[in-house]
Protein chains: 2
Amino acid sequence: MTKPPLTPLAESLPATVPFVGPEATERKMGKTFAARLGANENLFGPSPKALKAMEDANAEIWKYPDPESHDLRRAIARHLQVAADEVVVGEGIDTLLGYLVRLYVEPGTSVVTSDGAYPTFNYHVTGYGGTLTKVPYKDDMEDPEALLKAASDTNARLIYLSNPDNPMGTHHDYGVIDDMIADLNPECLLILDEAYVEFIDDDTVPEIDTTNPNVIRMRTFSKAYGMAGARVGYAFGHRDIVQAFEKVRNHFGMNRTAQIGALAALQDQKHLARSLKDVAAARDTISKIAQGNGLTPIPSSTNFVTINCGADADFAIAVLEELGARGIFVRKPFAAPGDRCIRVTCGPPDELDLFRAALPDALKAAKSR
Amino acid sequence: MTKPPLTPLAESLPATVPFVGPEATERKMGKTFAARLGANENLFGPSPKALKAMEDANAEIWKYPDPESHDLRRAIARHLQVAADEVVVGEGIDTLLGYLVRLYVEPGTSVVTSDGAYPTFNYHVTGYGGTLTKVPYKDDMEDPEALLKAASDTNARLIYLSNPDNPMGTHHDYGVIDDMIADLNPECLLILDEAYVEFIDDDTVPEIDTTNPNVIRMRTFSKAYGMAGARVGYAFGHRDIVQAFEKVRNHFGMNRTAQIGALAALQDQKHLARSLKDVAAARDTISKIAQGNGLTPIPSSTNFVTINCGADADFAIAVLEELGARGIFVRKPFAAPGDRCIRVTCGPPDELDLFRAALPDALKAAKSR
C-alpha cells in the first residue's frame with residue numbers, strides 16, 4: 001500500500017519509550033504497587049500553598065496558559081538573581097532538553113554523555129540524528145575529564161552532565177564543574193542538568209554565570225518541589241541561548257494550573273526546607289536498611305539512594321524483580337558498572353517500612369534463583 | 001565571541017510567537033480585560049465532574065503522569081469507536097501538530113494550507129524547514145479544491161484543513177471532505193484539525209475511517225470541553241501514523257491532573273450537551289449584537305462568531321483596538337479577505353453585555369480615526 005512516507009530520519013527511529021511507567025507494570029501485574037519508590041518522585045508532596053493555589057486555579061482552567069509564563073519566569077529569575085530573559089520555562093526538563101537538542105543537533109552532530117545517564121536525553125539526540133558518544137562512570141560518579149576528552153575527540157557540540165547525578169546519586173563540587181567549564185571547546189555547550197540541585201548545600205553548587213555562552217543549566221519542580229505530575233521545568237543561561245528556545249518551543253504547552261502552582265511552590269521556601277529535611281531522614285533510613293541487609297548504599301546527594309547489591313547486574317535485576325513482586329517499585333541503573341545497583345527513592349516512614357519488610361525476602365529469593 | 005553555533009536551520013528561524021497572549025496585552029495596558037472574548041476559549045467552563053476530579057488529583061501531583069495516558073486514551077478510543085492504538089494523546093493539538101510535522105517534514109518538503117489558517121501549524125512547518133504554499137479562502141470557507149490543486153502542483157506531503165474552520169467559523173459537510181480525501185495523492189497526508197467538531201451536528205461530520213493512511217484527525221479538550229488551560233489534545237487515524245508519534249513524542253509531557261480531568265470531562269457528555277446549548281445561545285446573541293450595529297455576522301459552526309466589519313482590514317483593526325481600549329479582548333483573522341472581520345468568542349450573558357455596551361462606541365471611534 002502506498003502511503004505518505006515519513007522523513008528518512010523519522011523512518012529510521014524506533015518507536016520507543018525511554019522509561020516504562022510504573023502504571024504499565026501495575027497493569028501487567030494486575031495490582032498496584034504498595035510503595036512507589038522507583039521514579040525519584042518526592043513522596044512528601046508539594047507545599048500546601050501550591051496545592052491551594054492549584055485548587056483555586058482550577059476554576060479558570062478554561063483559560064489558555066500565559067504563553068510567556070510571565071509571572072513564574074520572573075519569580076524564578078528573582079530566585080536565581082538573573083534577568084527574566086535569561087530563563088525559559090517548559091513542560092519539564094524533558095521538553096527543554098528536546099528543544100535544546102533540536103536547536104543544536106542535526107544528523108551527524110556529535111554529542112557526549114555518560115554511559116547510563118539520562119535516557120531521555122539520548123532519545124532526543126537520536127531523534128534528531130545526532131551521534132552519541134558515551135563515557136563510563138568512574139567511582140560511581142560522572143567523569144568530567146573523560147567527558148571533555150570525548151568531546152574533544154569527537155568535536156562534540158553538546159555535553160550532558162547531571163549534577164547531582166541520576167542514577168548514581170553522587171555529585172561534584174563547584175570546583176570540578178568550574179574547571180570543566182573552563183576547559184570547554186568554545187563551540188561546545190555544556191548542559192548541566194541540575195534536577196536534584198536543591199538536595200545539596202548551596203555552597204557546593206557552581207555559581208551562576210549567565211555571561212558564559214557555553215553553559216545552559218536546567219532545574220525542575222518535579223523533585224525537591226514535589227510536583228512531578230505538573231510538568232514544570234526551566235532552563236537558564238546566556239540570553240542568546242535562552243532566546244533561541246523562542247524559535248522552536250511550543251508557546252502554549254504549559255498547563256495553566258501548573259504555572260500557578262509552581263509559582264506558589266517557589267514562594268514557599270519554608271516548605272522546601274522541611275521537605276529537604278524529610279528527604280535527608282529518609283536517605284538515612286534507606287541507607288540503614290541496605291546496610292542491615294549486607295548491602296552498600298552509595299552516599300547520596302539526591303532524593304534517592306543507589307544501593308550496591310554486591311554482585312552483578314543479573315542479581316540486581318533479580319532483587320528489583322523480587323521487590324516488585326512484593327509490591328515495592330524501585331528502578332536500577334541500566335549500564336555497567338552502575339547496573340550492579342538498585343535505586344530507591346526517599347519517602348515517608350510508612351513506605352520505607354514496606355521496603356524494610358520486603359527486602360530480606362527479596363534478597364533471599366534473588367539469591368536462590 | 002565564539003560560541004556554540006545553532007544548526008543552520010535553527011539559525012535561520014526567527015524568535016517568534018504565533019499568538020500574543022491576552023496577558024501580554026494586559027501587562028502592556030496595565031489593566032485586565034473586562035471580557036475575554038478573543039481566544040476561543042469556552043467561558044462556560046468544564047464539567048463540574050472534571051473540576052472535582054482535578055481537585056481530587058491535586059494531592060497526587062507528586063507522581064509523574066502515566067506516559068501512556070492509558071485510561072484517557074482508552075476512553076477516547078471507546079468514545080470514537082476505534083482501537084486504543086489508533087489514538088495518541090498530547091499536550092494540546094499544538095504539540096501533536098509539531099510532532100506530526102517533525103515526522104513528515106524536512107527542509108524543502110512541501111506543505112499546503114489556507115492563507116490565514118492556523119499560524120501555529122505554519123510555525124511548526126517553518127521550524128522544520130518545510131515550504132508552505134497558502135491558498136486563499138473562498139466565500140469565507142477553506143477551499144478543498146484549491147488545497148488539492150496546490151498539493152498536486154507542489155507534490156505536497158501534508159495538507160492542513162481545519163473543519164470547522166478557525167478563524168472564519170465555517171465548515172464543510174462530510175461529502176465535501178470525503179471527496180477531498182478520495183482525491184488525495186497517495187503520498188499526501190491530510191491533517192484534519194477538528195478542534196471545533198463538537199459544535200456541529202454529528203451527521204455532518206465525516207465518518208471515521210482509521211484504515212485510510214492518508215488522513216490524521218485531531219481533536220481537543222480546549223474548546224467544547226472548556227479545558228484550554230489543561231493542554232489535552234488527541235490525534236487519531238491509521239495505527240501506522242499513530243504509532244509513529246512514539247518515535248518522537250515527549251512521553252512524560254502530559255500534566256497528570258489534566259489527564260484525569262479530561263477523562264472525567266469526556267465521561268460527562270450531559271455537561272457537554274448543556275455547554276453546546278449555552279454556546280449556541282451566545283452565538284445568536286453575538287450575531288444579533290453585530291446586526292444591531294450594522295455589521296454582518298458570518299454563520300458560525302464554532303464557539304465564536306466572525307463578524308464582517310464591512311470595510312477593509314485597517315478598519316477591522318481599528319474596531320479591535322477600540323474594543324480593546326474599552327476592556328473587550330477580541331481577535332481577528334490575519335489574512336485577506338478574512339482580515340476585514342473581527343472574531344468574537346462565545347461567553348455568558350454578562351460578558352456579552354459588556355461587548356454589546358462597548359461596540360457602538362468602538363465602531364464610532366474606529367470610523368472617526
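Residues numbered from 1 in each chain as written. Chains lettered and ligands numbered in written order. Predicted model: local features only at pLDDT ≥ 70, side-chain atom pairs only at ≥ 80, totals over all residues. Heavy atoms only, no water.

Engineer: What should I look at first to understand the relation of the copies chain A and chain B in this one?
Structural biologist: Turning chain A through 180° and shifting it by 0.0 Å along the axis lays it on chain B, with an RMSD of 0.0 Å. On this basis, the relationship between the two copies can be described by a two-fold rotation axis. Minimal C-alpha separation from the rotation axis in chain A is found for Glu55 of chain A, amounting to 2.9 Å. Here 100% of the interface residues in chain A have copies in chain B that are interface residues too; the copies meet face to matching face. (Least-squares fit on C-alpha atoms with pLDDT ≥ 70 in both. Contact = heavy atoms within 4.5 Å.)

Engineer: Which parts of the structure should I look at to understand the packing of aromatic side chains?
Structural biologist: What describes a pair of aromatic rings is the distance from one ring centre to the other and the angle between the planes of the rings. Applying the stated criterion across every chain yields a total of 24 aromatic pairs over all chains. For the ring pair Tyr99 of chain A and Phe245 of chain A, a centre distance of 6.5 Å and an interplane angle of 85° mean the geometry is edge-to-face. One end of the pair, Tyr99 of chain A, is in helix 5 (residues 92-104); the other, Phe245 of chain A, is in the loop between helix 9 (239-244) and helix 10 (256-267), and 146 residues separate them in sequence. On the basis of relative accessibility, which here comes to 0%, the residue Phe245 of chain A falls in the buried class. For the pair Phe221 of chain B and Tyr225 of chain B, a centre-to-centre distance of 4.9 Å together with 45° between the ring planes defines the contact as tilted. A single burial state applies to Phe221 of chain B and to Tyr225 of chain B, both of which are buried. (Phe/Tyr/Trp six-rings, centres within 6.5 Å; stacked < 30°, edge-to-face > 60°. Helix = DSSP H or I, 4+ residues; strand = E, 2+ residues; numbered from the N terminus. Buried < 20%, exposed > 50% of the residue type's maximum accessible area, 1.4 Å probe, protein only.)

Engineer: Just checking my understanding: could you explain the packing of helix 3 (residues 48-58) of chain B against helix 10 (residues 256-267) of chain B for this structure?
Structural biologist: Between two packed helices, the angle of one axis relative to the other and the distance separating the axes together describe the packing. Residue and element names in this part refer to chain B. Closest axis-to-axis distance for the helix 3/helix 10 pair is 8 Å, and the angle between their directions is 150°. In this view, helix 3 runs roughly antiparallel relative to helix 10, as classed from their interaxial angle. Between helix 3 and helix 10 lies a crossing of right-handed hand. On helix 10, the residues that touch Lys49, Ala50, Ala53, Met54, Ala57 and Asn58 of helix 3 are Arg256, Thr257, Ile260, Gly261, Ala264 and Ala265. Broken down by class, the residue content of the contact of helix 3 with helix 10 amounts to seven nonpolar, three polar and two charged. (Axes fitted to C-alpha atoms, helices over the stretch in contact; angles between N-to-C directions. Parallel < 35°, antiparallel > 145°, perpendicular 65-115°, else oblique. Left-handed = near helix turned anticlockwise from the far one by under 90°. Nonpolar A, V, L, I, M, F, W, Y, C, P; charged D, E, K, R; others polar.)

Engineer: Please clarify how the side chain of Arg283 of chain B should be interpreted in this entry.
Structural biologist: Residues and elements named next belong to chain B. Inspection of the secondary structure puts Arg283 in helix 11 (residues 269-292). It turns out Arg283 is buried and unbridged, and the closest side chain with the opposite charge, Asp284, is 5.7 Å from it. Arg283 has contacts with Phe199, Ser300, Ser301, Thr302, Phe304, Val305 and Cys346, leaving out every residue within four places of it along the chain. (Lys, Arg positive; Asp, Glu negative; His and termini not counted. Salt bridge = Lys/Arg side-chain N within 4 Å of Asp/Glu carboxyl O.)

Engineer: Help me out: how do you make sense of the interface of chain A and chain B in this one?
Structural biologist: A common way to report how large an interface is uses the accessible area buried once the components associate. In this complex, chain A contributes 84 residues to the contact, which on the side of chain B involves 84 residues. Summed over both sides, the interface of chain A with chain B buries roughly 7000 Å², with 58% coming from carbon and sulfur. Together, Trp62, Tyr64 and Lys247 of chain A form the three largest contributors to the area buried by chain A at its contact with chain B, with a combined 12%. Taken together, the connections running from chain A to chain B amount to six salt bridges. Of the charged contacts in the structure, one is a salt bridge between Asp66 of chain A and Arg27 of chain B, with a shortest N-O distance of 3.0 Å. The interface formed by chain A and chain B includes 51 residue pairs in polar contact (both at pLDDT 80 or more). Secondary-structure elements contributing two or more residues to the side of chain A that touches chain B are helix 1 (8-12), helix 2 (22-29), helix 3 (48-58), helix 5, helix 6 (119-127), helix 9 and helix 10 of chain A. Here the side of chain A that touches chain B gets five residues from one element, more than from any other, and that element is helix 5 of chain A. The class makeup of the residues in the side of chain A that touches chain B is 41 nonpolar, 20 polar and 23 charged. (Buried area = accessible area lost by both parts, 1.4 Å probe. Polar contact = N/O pair within 3.5 Å; in protein donor to acceptor, adjacent residues only side chain to side chain.)

Engineer: Can you walk me through the sheet that holds strand 10 (residues 304-308) of chain A in this structure?
Structural biologist: Either a parallel or an antiparallel arrangement is found when strands of a sheet pair, and the pairing is made through backbone hydrogen bonds. Residue and element names in this part refer to chain A. Here we have three strands laid out as an open sheet, ordered 9-10-12, and antiparallel in their pairing. Looking at which strands have only one partner, the edges of the open sheet turn out to be strand 9 (296-297) and strand 12 (341-345). Note: strand 9 against strand 10, two bridges, orientation antiparallel. Its bridge partner lying in strand 10, Thr296 is registered against Asn308. (Pairing = 2+ DSSP bridges.)

Engineer: Would you take a moment to explain the nonpolar core for this structure?
Structural biologist: Counting 210 residues, the largest nonpolar core has Phe221 of chain A together with Phe221 and Phe245 of chain B as its most contacted members. Contacts of Phe221 of chain B, omitting those with residues within four sequence positions, involve Leu72, Ile76, Gly226, Met227, Ala228, Val232, Tyr234, Ala262, Ala265 and Leu266 of chain B. (Core = buried A, V, L, I, M, F, W, Y, C linked by side-chain atoms within 4.5 Å.)

Engineer: Just to check I follow, could you spell out unusual backbone geometry for this structure?
Structural biologist: Glycine aside, residues mostly have negative phi angles, and peptide bonds mostly take the trans form. All names here are of chain A. The residue after Ala336, namely Pro337, is reached through a cis peptide bond having omega 0°. Relative to the assigned elements, Pro337 resides in the loop between strand 11 (328-329) and strand 12. Backbone geometry places Asn40, a non-glycine residue, at a positive phi of 55°. Here Asn40 shows up in the loop between strand 1 (35-36) and helix 3. For Asn40, a relative accessible area of 0% puts it in the buried group.

Engineer: What is the right way to read the environment of Ala84 of chain A from this model?
Structural biologist: Residue and element names in this part refer to chain A. Relative to the helices and strands, Ala84 resides in the loop between helix 4 (70-80) and strand 2 (87-90). Distance from Ala84 to Asp314, taken between C-alpha atoms, is 48 Å for residues 230 residues apart in sequence. If we skip the residues at most four places from it in the chain, Ala84 touches Arg73, Arg74 and Ala77.

Engineer: What is the right way to look at the sheet that holds strand 8 (residues 233-237) of chain B in this model?
Structural biologist: Residue and element names in this part refer to chain B. Taken in spatial order, the seven strands make up an open sheet running 2-8-7-6-5-3-4, and their pairing is mixed. The sheet terminates laterally at strand 2 (87-90) and strand 4 (131-135), the two strands that pair on one side only. When strand polarity is set aside, the average angle formed by the axes of neighbouring strands in this sheet is 20°. Taken together, the five bridges between strand 5 (residues 158-162) and strand 6 (residues 189-193) define a ladder with parallel strand orientation. Residue pairing for strand 6: Ser162 is matched across the bridge by Asp193. Each of strand 2, strand 7 (215-220) and strand 8 touches helix 4 (residues 70-80); the most contacted strand, strand 2, lies at about 130° to it. Across the sheet, helix 5 (residues 92-104) touches strand 2, strand 5, strand 6, strand 7 and strand 8, and the angle it forms with strand 7 is around 160°.

Geometric values such as these leave the question of function open.
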